[in-house]
Amino acid sequence: MKSNFFVPLTPRGLSNISPPPPWHYAGDFLVIDFWARPEAVSSILPAELQPDVKAEGHAQAYFIDWQFTGGHDELLDPARYQYREFFVLVDALFNGKPVAFCPYIFVDNDAAIARGWAQGFPKRYGTVFQTRLFAAKGPASPQLAPGGRFGASASAAGKRIARGTVTLDKAVTDPAALGSRPTINLRHFPRLAAGQWERPAVHELVESVMDNFSVADAWMGKGELTLPECENEELSELAPVRCGNGYRMSVSYSVTDLKTLVDHSAK
């Protein structure tokens, strides 16, 4: 028996789009540092955040191959709980504190979309792929070694929105090199009732809380990223002016909480 958390609310809770917390994640990451036009980064920030002038438009692109489980061995149902994801984090400030804000995120799984909306990630449906790593060595599997090359791409509504590559150079021995800004999201759920459209039921600036965060097999090297222009998409306004380091790593963590920073929800 599962408890209801998301819709649909059912007698046994089995049909919920995703189970209640705790939520446990494990994934392979490709991360690319890049710098967009500072004015483009500033334009995407919510009112509660300020531009980080010293960051000069710094952002990061993430391509992730995820495996999820809740408290009932959901990992044994991979068709429902494996997924891939692409998102961008931009540097910003909250009350003078360095943070990272997520303006765009795409995922290929409805359960992940539901969990993301609950956390404030503005998830949309897309398709995301990245080069996989296998223990058996061969031409089809790059290795975690100097010269290893990994590629990734993301598409939405049939249009390519991102393409990245990482060429490995060396193992990461200092976790500080991976960045440590807290992730800030905007939880926004509108009202549909006539006359209430400008008074969202939920409008909160929140900080992601990740427990038992662990990184393994982290490597870094050269990162390359393109965000091509697409009809009816604005992601390309953050197109890189230049790219920096790229990273390939495995990550795991759990989610059981969320920190509310500012609440403008209509009462």
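Residues numbered from 1 in each chain as written. Predicted model: local features only at pLDDT ≥ 70, side-chain atom pairs only at ≥ 80, totals over all residues. Heavy atoms only, no water.

Draft legend 1. Spatial organisation of the pairing of strand E11 (residues 202-208). Of all 7 residues in E11, 7 are buried; the element is thus mostly enclosed. With burial as the criterion, each face of E11 is covered, one bearing Val-202, Glu-204, Val-206 and Ser-208 and the other bearing His-203, Leu-205 and Glu-207. Taken together, the 6 bridges between strand E10 (residues 183-189) and E11 define a ladder with antiparallel strand orientation. Note that in E11 the partner of Phe-189 across the bridge is Val-202. Of the pairings in the sheet, the one linking E11 to strand E14 (residues 258-263) comprises 5 bridges and is antiparallel in character. Its bridge partner being in E14, Ser-208 is matched across the sheet by Leu-258. (Buried < 20%, exposed > 50% of the residue type's maximum accessible area, 1.4 Å probe, protein only. Helix = DSSP H or I, 4+ residues; strand = E, 2+ residues; numbered from the N terminus. Pairing = 2+ DSSP bridges.)

Draft legend 2. Here's a closer look at helix H3 (residues 110-119). The buried count for H3 comes to 8 of 10 residues, which makes it a mostly enclosed element. Residues Ala-111, Ala-112, Ile-113, Ala-114, Arg-115, Gly-116, Ala-118 and Gln-119 constitute the buried set of H3. For H3, the N-terminal cap is Asn-109; the gap from its side-chain oxygen to the backbone nitrogen of Ala-111 is 2.9 Å. Looking at the residues trailing H3, positive phi occurs at Gly-120, about 100 degrees. (Polar contact = N/O pair within 3.5 Å; in protein donor to acceptor, adjacent residues only side chain to side chain.)

Draft legend 3. Broad picture of the layout of surface pockets. Taken as a whole, the largest pocket spans an internal volume of roughly 860 Å³. Taken together, 38 residues form the lining of the largest pocket, with Tyr-62, Leu-89, Thr-183, Met-210 and Phe-213 sitting closest to its centre. For the lining of the largest pocket, the secondary structure elements donating two or more residues are strand E1 (23-35), strand E3 (58-69), strand E4 (82-94), strand E5 (97-107), H3, strand E12 (211-226) and strand E13 (242-255). Residues that form the lining of the largest pocket fall into these classes: 25 nonpolar, 7 polar and 6 charged. (1 Å grid on protein atoms, 1.4 Å probe; cavity = no way out; pocket = protein on both sides within 12 Å on 5 of 7 lines; lining within 4 Å. Points joined across faces, edges and corners; volume = space filled by probe spheres on them. Nonpolar A, V, L, I, M, F, W, Y, C, P; charged D, E, K, R; others polar.)

Draft legend 4. Geometry of a nonpolar patch on the surface. On the surface, Met-210, Phe-213 and Val-215 cluster together into a nonpolar patch covering about 260 Å² of accessible area. Relative to the helices and strands, Val-215 resides in strand E12. (Patch = residues over 30% accessible without salt bridge, like charges linked within 9 Å, V, L, I, M, F, W, Y side chains within 5 Å. Areas by Shrake-Rupley, 256 points an atom, 1.4 Å probe, with all protein chains shown as cover. Salt bridge = Lys/Arg side-chain N within 4 Å of Asp/Glu carboxyl O.)

Draft legend 5. Representation of the side chain of Ser-153 in the model. Tracing the chain through its elements places Ser-153 in strand E8 (residues 149-156). A relative accessible area of 13% places Ser-153 in the buried class.

Draft legend 6. Molecular detail of the packing of aromatic side chains. Tallied over the entire structure, the rule returns 14 aromatic pairs. Taking 4.9 Å as the distance between ring centres and 85 degrees as the angle between the ring planes, the aromatic pair formed by Phe-5 and Phe-6 counts as edge-to-face. Both rings, one in Phe-68 and one in Tyr-81, keep their centres 5.5 Å apart while their planes meet at 40 degrees; by these two values the pair is tilted. One end of the pair, Phe-68, is in strand E3; the other, Tyr-81, is in helix H2 (residues 78-81), and 13 residues separate them in sequence. Accessibility assignment for this pair places Phe-68 and Tyr-81 in one class, buried. Here the basic side chain of Arg-115 rests over the ring of Phe-68, its NZ or CZ set 3.7 Å away from the ring centre. Positioned above the aromatic ring of Phe-121 is the side chain of Lys-123, whose terminal nitrogen or guanidinium carbon lies 6.0 Å from the ring centre. (Phe/Tyr/Trp six-rings, centres within 6.5 Å; stacked < 30°, edge-to-face > 60°. Lys NZ or Arg CZ within 6 Å of the ring centre and 35° of its normal.)

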